[in-house]
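# Observations on chain architecture
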Amino acid sequence: MSAHAVASGRPAGQPGPGVYDFVVIGGGIVGLATAMELLVKRPGASLLVIEKEDDVAAHQTGHNSGVIHAGIYYTPGSLKARLCKAGAVRVREFADEHGIPYRNTGKLIVATDDAELERMNALYERALVNELDVEKIDAAELRRREPNITGVGAIYLTTTGIIDYRLVCRKMAEVIEAAGGTVRLSTTVAGITESLSEVRIDVVPSRAPRGTEREQVYAAQLIVCAGIQADRLAAMAGLNPQFQMVPFRGEYYRLPASKNDIVSTLIYPVPDPALPFLGVHLTLMMDGGVTVGPNAVMGFAREGYPKWSVNPADVADFARFKGFWKLVPGVLRTGLAEQWNSMYKPGYLKLITKYCPQLTTADLTPEPAGIRAQAVMADGSMAEDFLFLETPRMTHVCNAPSPAATSSMPIAELIAQKVLSR
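The sections below set out a description of the structure shown in this document. For clarity, every value in this text was computed on a predicted model and none was experimentally measured. Residue indices follow the written sequence of each chain, beginning from 1 at its first position. For a predicted model such as this one, the threshold for reporting local features is a pLDDT of at least 70, and the threshold for listing and counting side-chain atom pairs is 80 or more; totals across whole chains, interfaces and linings nevertheless cover every residue. Computation of side-chain values covers all heavy atoms of the structure but excludes hydrogens and water.

## Thoughts on the layout of surface pockets
Worth spelling out the cut-off: Every definition here rests on a 1 Å grid over the protein atoms only: cavities are sets of points where a 1.4 Å probe fits but cannot get out, pockets are open sets enclosed by protein on both sides within 12 Å along at least five of seven lines, and lining residues have some atom within 4 Å of a point. Grid points are joined across faces, edges and corners, and a volume is the space filled by probe spheres set on the points. Here a helix means four or more residues in a row that DSSP labels H or I, a strand means two or more in a row labelled E, and each is numbered from the N terminus. Each residue gets one label: Ala, Val, Leu, Ile, Met, Phe, Trp, Tyr, Cys and Pro are nonpolar, Asp, Glu, Lys and Arg are charged, and the others, such as Gly, are polar.
The calculated volume of the second largest pocket comes to roughly 360 Å³. Forming the boundary of the second largest pocket are 21 residues, of which Gly 62, Asn 64, Ser 65, Asp 164 and Met 285 lie nearest the centre. Listed by contribution, the elements that provide at least two residues to the lining of the second largest pocket are β8 (161–163), α5 (165–178), β13 (243–254) and β18 (365–377). In terms of residue count, β18 provides more of the lining of the second largest pocket than any other element does, three residues in total. Of the residues contributing to the lining of the second largest pocket, the split by class is nine nonpolar, seven polar and five charged.

Okay, structure coming up:
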């Protein structure tokens, strides 16, 4: 039993009437996939998904680049490598089953100098160990395949694709309700209390005036998939999270329609091992357009997507967190460069023209930003692996490593196993 659990007046371990078997907080792709998986493993169970926004996939899931990743970047044999590879298959199977369109575009990782070529070759060897369908090509073959792309070599991955993850999530919500679950939108969690026999979740309508009476929802098992709000929900539940969610904005641009055919596949740079992000890339979109991005700049609002968004409470949270100030020295130089490129469009453009030289600043037109939910630990490190906080009746998913959208269904299976093992 967790230290904060309290008695509810019911026999220990015996959920009372009106208690859902499972309540999932969070209508992003990980929360919805987990709800689906629980209903597969426990047909007929009572299940409720609580989402504060008016639609599912309103935050990180709905603001990413829509890529079905192959899993080339991860250590061979690691959980992330296996989940990504399996997830890419599962996403396509789900899409095929439910008529969701996707495209198998393939992906080129382009080296533009000798240093990048060396890192690219190491990445190629990793791809072979991970048993990915991969091909290494030289500069001439790169130019033949993509006349507008310049490089000294490239890796081609056939299993990378694109999809609209908002459509995936909306279909997941339909599947959950068809299986007897409930997806409740526009509902904000205002309190979480774990007892010996259940978890009480206090909820109010989103955007309700202060003082609105709370409604109580009860769960035999609570699963929290709150993304950028994971630390706050864990603290609300009486836990002591030794991490802070710090927002990193991923800013995108969209090329004009006249440049929609500038590439025929996804174009990525060779990642810098000193950075936790993949670099600015050209991404084909399901609507036929091409986006450029994302960069990675410090955010000052957890859910503030417009440029220059500032939420004083969000800033105060990470400013008070000692782990944030331990993180700063290691990322300051890179962070300042990213911030400069964010403000100075020619600087951003330079990240792209090293492999696509014909683009100009006039080609970079506005596109909505995304926000990466990054857990920063008390020692100042960025969490790059799974992070869970668990009690007898709660599972808080505090960090689900990128690419969580691709890996969502295998991640959900992992979470469901944890929940059902109790």
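## Brief notes about the nonpolar core
Put simply, the test is: By nonpolar core we mean a set of buried residues, namely Ala, Val, Leu, Ile, Met, Phe, Trp, Tyr and Cys, connected to one another through side-chain atoms within 4.5 Å. Relative accessible area decides the class of each residue, using a 1.4 Å probe on protein chains only: under 20% of the type maximum gives buried, over 50% gives exposed, and in between gives partly exposed. The contact definition used throughout considers only heavy atoms, calling two residues in contact when any of these lie within 4.5 Å.
If you look at the biggest cluster of nonpolar residues, it comprises 45 residues, and the most contacted ones within it are Ile 72, Ile 109, Ile 149, Leu 282, Val 292 and Ile 352. Sequence-distant contacts of Ile 352, defined by excluding residues within four places in its chain, comprise Val 280, Leu 282, Val 292, Leu 359 and Leu 364. Membership of the second largest hydrophobic core comes to 43 residues, among which are Val 30, Val 49, Val 168 and Ala 173.

## Notes on the pairing of strand β19 (residues 387–391)
Here is the rule: Whether two strands pair depends on DSSP finding at least two bridges between them.
In this sheet, strand β20 (residues 394–399) lies alongside β19 in antiparallel orientation, the contact comprising five bridges. Across the sheet, Leu 389 pairs through a bridge with His 396, a residue of β20. Once β19 ends, the chain turns through two residues before running back antiparallel as β20.

## Focus: the environment of Gly 347
You can see Gly 347 is positioned in helix α9 (residues 345–353). Judged by its relative accessible area of 11%, Gly 347 falls in the buried class. Along the sequence, Gly 347 and Gly 180 sit 167 residues apart, while their C-alpha atoms lie 52 Å from each other.

## Comments concerning helix α1 (residues 29–41)
Short version of the rule: Here, expected helix span is obtained from the residue count minus one, scaled by 1.5 Å.
The terminal C-alpha atoms of α1 lie 18 Å apart, and with 13 residues this matches the ideal 18 Å at 1.5 Å per residue to within 8%. Most of α1 is tucked away, with eleven of its 13 residues classed as buried. Every buried residue of α1 is listed here: Ile 29, Val 30, Gly 31, Leu 32, Ala 33, Thr 34, Ala 35, Met 36, Glu 37, Leu 38 and Leu 39. Those residues of α1 that are buried are in contact with β1 (19–25), β2 (47–50), α2 (79–98), α5, β12 (215–224) and α10 (404–420).

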